[in-house]
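This is what each chain is made of:
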Amino acid sequence: MASTSTSEPTHPVVFTTQTPYALPSQKFMIPTSWKRYQLSQLVNKALSLPKPIPFEFLVQGEILRGTLAEWCAEKGVGEEETLEIEYFESVMPPQRMSTLPHEDWVSSISCQLPGYFLTASYDGAIRIFGYSQKLLHTTAPHSAPISSLCIVPEPSRADNSSHLLATASQDLTARLTRIDLSSPSSPKAHTLASLHLHTAPLSSVSASPSGAHILTSSWDGLIGVFDASIPDADEVPADEVAGGERKKRRKVAQEDGSEAPRPKRKAPTTVLKSHTARVSRVVFGPDAKGASAYSCGFDSTVRTWDVENGVCTSTITASSKPFVDIALTANGHTALAASTDRTVSQYDLRAATTSATTPSVATLTHPATPSCIAVARPSASAPAVSTSASEHQLVTGAYDGVVRLWDLRSTRAAVAAFRAWESNAGTGPKKVLSVDWARGLVGVGGEGGVEVWKVGEGDRITTTA
């Protein structure tokens, strides 16, 4: 048994870790007045690490935020009971990396393509930026504000310089746009199809992991299921189209200086009906086939869907919690739902049953309405942060202009927080409307344009696109 030289009260502790920095399997007598800093020093000293590494510590699945004595007193743990404490590498304080100016509010941002940032804004345009912060291309597939953007996976496509984007808009349509990055300094874009179903503004769009299907959600309470193929002919007659498609087509032709082919009109394969108020967001589950989906809405529900059969299989009903965003943890077992009551609720989807009121596992309390959620999405070639940490972490953006980093193992307070933009004089903070997290980079979109922050280890922003 290892002991520290002190006359203070001590507690028996066994350390475990999933990192490469493992201590010998033995029991330590740790002063009960110690906090995270002293424990981290002990691990570094015991391993004789050439460069200090800060660590966080989990006691019975909860991050240690005070002294060992305070934790034991709160949990009623006796002084003879051996504690098993797991440690992992700390997330370094977030660092602002770059600013991408926009003339209008940015409603959606994607950091998923290495070397590029994709943004969608209230002027109906998609913009492609390089890591050099240079604006490389702008295309305007919509005639009204874009509410959501996602990349449609194409696993079988050999050409990784071409990508399919899906966008949802207040012009009552979703659009599929092909971007060509074969010339990194001068990308090209062409809108291939428009998706028609909704009679009210669209709130979100999502692609299945296989890229075979697209989901759209709307203020009309409906969720549309579309296949991602581009049809040879229109599937929706022109007289059934809602919105100003003809006017928009003339506008694009004038801007491009050429007569671009008109996007083909697509109809849904299935319509999901169960929400009784506007649907805020819909996302696919993690299964490769896209068999399940999850949605949230202003009817204070989180719903699970069997996409193939078009039925709602379970409903989590909250009390007076209009939901504005939803995200799933990496394993797909937990839903994180942001609400206008200034909370993000954590729900165990495995415990949900049809029409049952399922209590949240934990609640992340914010001082202002949280508008968006993102979990770390590491790529196979460049993981964002160490797996043991990232699978439990998420970021939220809120109307107070602050982005917060949370760890689901200890939800009393955010692990870190940063303000994206300076507040407007006399009008308050600039709202955060969108966040995305990939390869250690967090993209923040909202009233102030776009900022990119480094959270954890990952890509470096260089002067090349």
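Computed from a prediction, not measured in an experiment: that's the story for all the values here.

**Some thoughts on the pairing of strand 15 (residues 188–196)**
Where strand 14 (residues 173–180) lies against strand 15, eight bridges are found, and the strand directions are antiparallel. Counterpart to D180 in the pairing with strand 15 is K188.

**Comments concerning the sheet that holds strand 33 (residues 432–438)**
Across the sheet, which stays open at both edges, the four strands sit in the order 7-35-34-33 with antiparallel pairing between neighbours. Strands at the two margins of the open sheet, each flanked by one partner only, are strand 7 (95–100) and strand 33. Sheet twist, expressed as the mean angle between neighbouring strand axes with direction ignored, is 20 degrees. Bridging between strand 34 (residues 441–446) and strand 35 (residues 449–454) involves six bridges; their strand directions are antiparallel. Looking at the pairing, L441 lines up with K454 of strand 35.

**Regarding the environment of G224**
Topologically, G224 is positioned in strand 18 (residues 222–227). Residue class for G224 comes out buried when judged on its relative accessible area of 0%. With residues near it in sequence (within four places) discarded, G224 still touches L197, H198, I214, L215, T216 and T270.

**Looking at the sheet that holds strand 18**
The strands making up a sheet associate through hydrogen bonds between their backbones, and the pairing can be parallel or antiparallel. As summarised here, the arrangement of the four strands in space is 16-17-18-20, forming an open sheet in which the pairing is antiparallel. Each edge of the open sheet is held by one strand with a lone partner, namely strand 16 (202–207) and strand 20 (270–273). Neighbour-to-neighbour, the strand axes of the sheet open up by a mean angle of 20 degrees, direction not taken into account. The sheet contact formed by strand 16 and strand 17 (residues 213–218) spans five bridges and is antiparallel. Opposite A207, over in strand 17, you have I214 as the bridge partner.

**Quick notes on the side chain of T216**
Within the fold, T216 resides in strand 17. Among the polar contacts listed, one links the side chain of T216 to the side chain of H198, at a separation of 2.8 Å. Not counting the four nearest positions on each side in its chain, T216 is found in contact with A174, L195, H198, L202, S204, V205, L222, I223, G224, F226 and V282.

**Let's talk about helix 2 (residues 68–75)**
Taken together, the buried positions of helix 2 are L68, W71 and C72. The buried side chains of helix 2 occupy one side of the element, clustering within an arc of 95 degrees when seen end-on. Those residues of helix 2 hidden inside the fold are in contact with strand 2 (10–17), strand 3 (27–31), strand 4 (55–59), strand 5 (62–63) and strand 6 (83–89). One or two residues past the end of helix 2 sits G76, with phi positive at roughly 70 degrees.

**Re the side chain of T32**
With respect to the helices and strands, T32 occurs in the loop between strand 3 and helix 1 (36–47). Judged by its relative accessible area of 15%, T32 falls in the buried class. Leave out the neighbours within four places in its chain, and T32 touches P9, T10, H11, T67, L68 and A69.

**Observations concerning the pattern of salt bridges**
Tallying each qualifying case throughout the model produces 15 salt bridges. R412 is the salt-bridge partner of E62, the closest N and O atoms lying 3.8 Å from each other. Placement of the pair is E62 in strand 5 and R412 in the loop between strand 31 (402–407) and strand 32 (416–419), with a sequence separation of 350 residues. For R412, a relative accessible area of 57% corresponds to the exposed category. R409 is the partner of D407 in a salt bridge, and the nearest nitrogen-oxygen pair spans 2.7 Å. No difference in accessibility class separates D407 from R409, as the two residues are buried. Here the residues in one salt-bridge network are E62, E74, K75 and R412, joined through shared partners.

**Remarks on the nonpolar core**
Counting 22 residues, the largest nonpolar core has F15, I30, F57, L83 and I85 as its most contacted members. Secondary-structure elements contributing two or more residues to this core are strand 2, strand 3, helix 1, strand 4, helix 2 and strand 6. Excluding anything up to four places from it in sequence, I30 contacts P9, T10, H11, V13, F15, L39, L42 and L68. F418, V435, W437 and V442 belong to the second-largest nonpolar core, a separate cluster that totals 18 residues.

**Examining the UniProt feature "repeat: WD" (unreviewed entry) in the protein**
Taking the UniProt record as the reference, the feature "repeat: WD" (unreviewed entry) is found at residues 195–227, 272–315 and 384–416. Note that residues 195–227 is 0% helix and 61% strand, and that its end C-alpha atoms are spaced 10 Å apart.

**A look at the pairing of strand 2**
The pairing of strand 2 with strand 3 spans five bridges and is classified as antiparallel. Bridge pairing in strand 3 places P12 opposite M29. Bridge count for strand 2 against strand 6 is five bridges, and the pairing is parallel. Bridge assignment links T17 to a residue of strand 6, and that residue is Y87.

**Thoughts on the environment of V205**
Within the fold, V205 resides in strand 16. For V205 and S218, which are 13 residues apart along the polypeptide, the C-alpha to C-alpha distance reads 9.3 Å. Excluding residues within four positions of it along the chain, V205 makes contact with S148, L149, C150, A166, T167, A168, I214, L215 and T216.

**Regarding helix 1**
The end-to-end C-alpha separation of helix 1 is 17 Å, in line with the 16 Å expected for 12 residues at 1.5 Å each. Among the residues making up helix 1, those that are buried are L39, S40, L42, V43 and N44. Two residues or fewer past helix 1, S48 is found with a positive phi of approximately 55 degrees.

About the thresholds
- Residues numbered from 1 in each chain as written.
- Predicted model: local features only at pLDDT ≥ 70, side-chain atom pairs only at ≥ 80, totals over all residues.
- Heavy atoms only, no water.
- Pairing = 2+ DSSP bridges.
- Helix = DSSP H or I, 4+ residues; strand = E, 2+ residues; numbered from the N terminus.
- Axes fitted to C-alpha atoms, helices over the stretch in contact; angles between N-to-C directions.
- Buried < 20%, exposed > 50% of the residue type's maximum accessible area, 1.4 Å probe, protein only.
- Contact = heavy atoms within 4.5 Å.
- Polar contact = N/O pair within 3.5 Å; in protein donor to acceptor, adjacent residues only side chain to side chain.
- Arc of directions from axis to C-beta.
- Salt bridge = Lys/Arg side-chain N within 4 Å of Asp/Glu carboxyl O.
- Core = buried A, V, L, I, M, F, W, Y, C linked by side-chain atoms within 4.5 Å.
- UniProt positions renumbered as here; feature names shortened; annotations may be inferred.
- Expected span 1.5 Å × (residues − 1).

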